[in-house]
Amino acid sequence: MRKVAVVGIGHSKFGRRTDVNVNELAFEAIKGALLDSGLTQKDIEFVSVGSYGMWYEEVLPAVTVAEYAKLYPAGLARCEAACATGSAAFRFAYVTVASGEADVAMAVGVEKMTEIDTSTAVEIIGRSGSYLWEFENFGLTFPGYYAMHATAHMNKFGTKEEHLAMVAVKNHKYGAMNPYAHFQREITLEEALKSFVVAWPLKLYDCCPLSDGAAAVILASKEKAKEITDTPVWILGMGLASDSAGLSKRSEYTGLRATVLAAEKAYKQAEVTPKDIDVAVVHDCFTIAEILAYEDLGFCKKGEGGKLIEEGQTYIGGKIPINVDGGLKAKGHPLGATGCSMVAEITRQLRGEAGKRQAPIKEGKGLAHNVGGTGHYCYITILGR
Amino acid sequence: MTKAPPPPTLKSARTLTLTYEIPISKTNKFWEGLKENKIFTTRCKKCGELYFPPSSDCPSCLSAEMDWIEISGEAELETFTQIFVRPATFAKYEPYIVAIGRLKEGVRALAWLTGIKREDIQVGMKLKLVGKVGPEGTPTYEFVPL
């Protein structure tokens, strides 16, 4: 496989975007990535579009987005990996360049989740597991899936609701500094703890919102990257893993095995350890998911995720700054966009362009952790300057 | 200060309704058994692997020769939640408790836990999985405290 670099990133404002349709929204990110790289559409040989779909009117978003952005006749695909859909699109574009089949490729992630009513959106996400055995009769929701992990983690390790709320407070603090974030305001611990219960023990402020948004990433081979930019950000390693559709078939509920396995592969390929990572974005669709990620990615010992946030170690200035873009919690989680948004954020951090929320970069390495479903899919990307 | 009006949208006139007819011919013994409060599941004749929910194939040894066995339903609670924000098709129910229990036979099941208040639930408590006909007239199963 050839060396591949991120040479362009684009990002739309995340939030309730009733002002744009899916194509217009995706174009905000595509245009941003083209301008950032200095490339034009005719330079892009392959395009992968990540979108989960169903909540907006277009059934073939890759085709409509590519038409609107004049990206055709490049090779085109649409990818799905639940909430890691954007990472699946990124992976497809990365492998296409790494294999030598294309020199320049683009991954676009886009989601438009607010065109339908909230309870139908909750229904669509709830069906995203083992439909017949866990939804048809039991109506399990996505907060419910993670709530069962929270119950297990709290029961085994003494993790408290306060620990979960601390994650929300941190991510809102950084969301307030991110102009692209859905929620750009700080919250207090009391506010988080007093919010209504969504799926016990998870409350409103433990959950990411339903968001609209898009992000795009342009990838290039080593030779091309050097022609395009002075600040390439290299893909040092990627690890992928999966787990059972049904939650009842999991080996345990205090972590996500897919994360552990994907992390092993990514660290090995990149020849790094968790200690070498300067900054990370992890999949905090729920606050408990961020605590599980601390442990599963090796940023702390198993069972000590609550302590890590309590000590403030995941803030800028701590041992490992995490989700300093606001995370899914405050930045928002447009499912298809998230994976590309994560890569864009780490690229921005490694370039030193993150402004007020810039993490100190010593080793020149960052990590993006994107989970699809409740650890049904996991994609981990390690990037380096 | 007056708030800006929301951006104009086109409310689509084409509403889509999807109702799936899910094939269950290969697991019908399970669904029929529920109506008589029995929990049947499958075990591979060749390698002995036990499945729950029932599977009509054994992906471990690639055999399609499965035995139907009745299980006790006795289980131990591993984890649970109570769903307050409900999906559209569950809006008519009161907030419900979903639990995962490890069955005595070694496999796990996920189902509603009824007949107990959330405050009284303890991880590790003994449960029983029972079959029944649900309020919508279709067979289902749930955990109850043992």
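Predicted model, so just to flag it, every value in this text is computed and none were measured.

S.K.: Is there a simple way to think about the pairing of strand 4 (residues 104-112) of chain A in this case?
M.R.: When a strand is regular, its side chains alternate between the sheet's two faces. Residue and element names in this part refer to chain A. Burial within strand 4 is extensive, with 9 of its 9 residues counted as buried. Burial along strand 4 is two-sided: Val104, Met106, Val108, Val110 and Lys112 and Ala105, Ala107, Gly109 and Glu111, pointing in opposite directions, are all buried. The pairing of strand 2 (residues 46-50) with strand 4 spans 5 bridges and is parallel. Bridge assignment links Val49 to a residue of strand 4, and that residue is Val108.

S.K.: Quick question: what am I supposed to make of the sheet that holds strand 3 (residues 66-71) of chain B here?
M.R.: Within a sheet, each strand pairs with its neighbour through backbone hydrogen bonds, oriented either parallel or antiparallel. Residues and elements named next belong to chain B. Read from one edge of the open sheet, 3 strands run 2-1-3, paired in antiparallel fashion. Looking at which strands have only one partner, the edges of the open sheet turn out to be strand 2 (50-51) and strand 3. Sheet topology places strand 1 (residues 39-44) next to strand 3; 6 bridges connect them, and they run antiparallel. Among the inter-strand pairings, Thr42 is bridged to a residue of strand 3, identified as Trp68. Each of strand 1 and strand 3 is contacted by helix 1 (residues 28-35), which is oriented at about 155° to strand 1, the strand it contacts most.

S.K.: Looking at this structure, I do not really get the confidence of the model for chain B. What am I missing?
M.R.: Low pLDDT marks regions whose predicted coordinates should not be analysed in detail. Of all residues in chain B, 99% attain a pLDDT of 70 or more, and the chain-wide mean is 96. On the interface metric, ipTM, the complex scores 0.95, and its pTM is 0.97.

S.K.: Can you walk me through the sheet that holds strand 8 (residues 233-242) of chain A in this structure?
M.R.: Residues and elements named next belong to chain A. A sheet is described by the order of its strands in space; here 9 strands give the open sequence 3-2-4-7-1-8-11-10-9, paired in mixed fashion. On the outer flanks of this sheet lie strand 3 (75-79) and strand 9 (279-281), each paired with one strand and no other. Strand after strand, the sheet turns through a mean of 25° between neighbouring axes, direction not considered. The sheet contact formed by strand 9 and strand 10 (residues 365-372) spans 3 bridges and is parallel. Counterpart to Ala280 in the pairing with strand 10 is Leu367. Packing of helix 3 (residues 85-98) onto the sheet brings it into contact with strand 1 (4-11), strand 2, strand 3, strand 4, strand 7 (212-221), strand 8, strand 10 and strand 11 (377-384), and relative to strand 4 it is tilted by some 170°. Those strands touched by helix 10 (residues 257-270) are strand 8, strand 10 and strand 11, and its axis lies near 150° from that of strand 8.

S.K.: How should I be thinking about the interface of chain A and chain B in this particular structure?
M.R.: Many descriptions give the size of an interface as the accessible area lost when the pieces come together. Listed by partner, the interface residues are 31 residues for chain A and 32 residues for chain B. Listing elements by their share of the side of chain A that touches chain B, those giving two or more residues are helix 4 (118-126), helix 5 (131-135), helix 6 (142-157) and strand 5 (197-200) of chain A. The biggest single contributor to the side of chain A that touches chain B is helix 6 of chain A, with 7 residues. When the residues that make up the side of chain A that touches chain B are grouped by side-chain class, the tally is 15 nonpolar, 12 polar and 4 charged. As paired elements, strand 5 of chain A and strand 4 (residues 74-83) of chain B share 2 bridges and run antiparallel to each other. Paired with Trp200 of chain A across the strands is Gln82 of chain B, a residue of strand 4 of chain B.

S.K.: Can you help me understand the environment of Leu247 of chain A in this one?
M.R.: Residue placement: Leu247 of chain A occurs in the loop between strand 8 and helix 10. Ignoring sequence-local partners within four residues, the contact set of Leu247 of chain A consists of Gly129, Glu134, Tyr145, Met148 and Thr374 of chain A together with Ile100 and Leu110 of chain B.

S.K.: Explain helix 14 (residues 335-351) of chain A here, please?
M.R.: For the α-helix, the turn length of 3.6 residues means that residues three or four positions removed from each other point alike. For helix 14 of chain A, spanning 17 residues, the distance from its first C-alpha to its last is 25 Å, which sits close to the expected 24 Å at 1.5 Å a residue. Looking one or two residues beyond helix 14 of chain A, the residue adopting positive phi is Gly352 of chain A, at roughly 80°.

S.K.: Can you walk me through the nonpolar core in this structure?
M.R.: A general tendency of soluble globular proteins is for nonpolar side chains to be buried together. Within the largest apolar cluster, 166 residues are counted, with the highest numbers of intra-cluster contacts made by Ala26, Ala93, Val108, Ala216, Val217, Leu219 and Cys340 of chain A. If sequence neighbours within four positions are ignored, Val108 of chain A has contacts with Ala26, Ala29, Ile30, Val47, Val49, Val65, Ala89, Ala214, Ala216 and Cys340 of chain A.

S.K.: Help me out: how do you make sense of the packing of helix 3 of chain A against helix 14 of chain A in this one?
M.R.: The geometry of a pair of packed helices is captured by two quantities: the angle between their axes and the separation between those axes. All names here are of chain A. Two numbers describe how helix 3 lies on helix 14: the axes approach to 5 Å, and their chain directions differ by 60°. The angle between helix 3 and helix 14 falls in the class oblique. Taken together, the residues of helix 14 that come into contact with helix 3 (itself represented by Thr85, Gly86, Ser87, Ala89 and Phe90) are Leu335, Gly336, Ala337, Thr338, Gly339, Cys340, Ser341 and Val343. Class assignment of the residues belonging to the contact of helix 3 with helix 14 gives a composition of 6 nonpolar, 7 polar and no charged.

Thresholds applied
Residues numbered from 1 in each chain as written. Chains lettered and ligands numbered in written order. Predicted model: local features only at pLDDT ≥ 70, side-chain atom pairs only at ≥ 80, totals over all residues. Buried ≥ 20, exposed ≤ 12 C-beta atoms within 10 Å, placed from the backbone. Helix = DSSP H or I, 4+ residues; strand = E, 2+ residues; numbered from the N terminus. Pairing = 2+ DSSP bridges. Contact = placed C-beta atoms within 7 Å. Axes fitted to C-alpha atoms, helices over the stretch in contact; angles between N-to-C directions. pLDDT = per-residue confidence, 0-100. Nonpolar A, V, L, I, M, F, W, Y, C, P; charged D, E, K, R; others polar. Expected span 1.5 Å × (residues − 1). Core = buried A, V, L, I, M, F, W, Y, C linked by C-beta atoms within 7 Å. Parallel < 35°, antiparallel > 145°, perpendicular 65-115°, else oblique.

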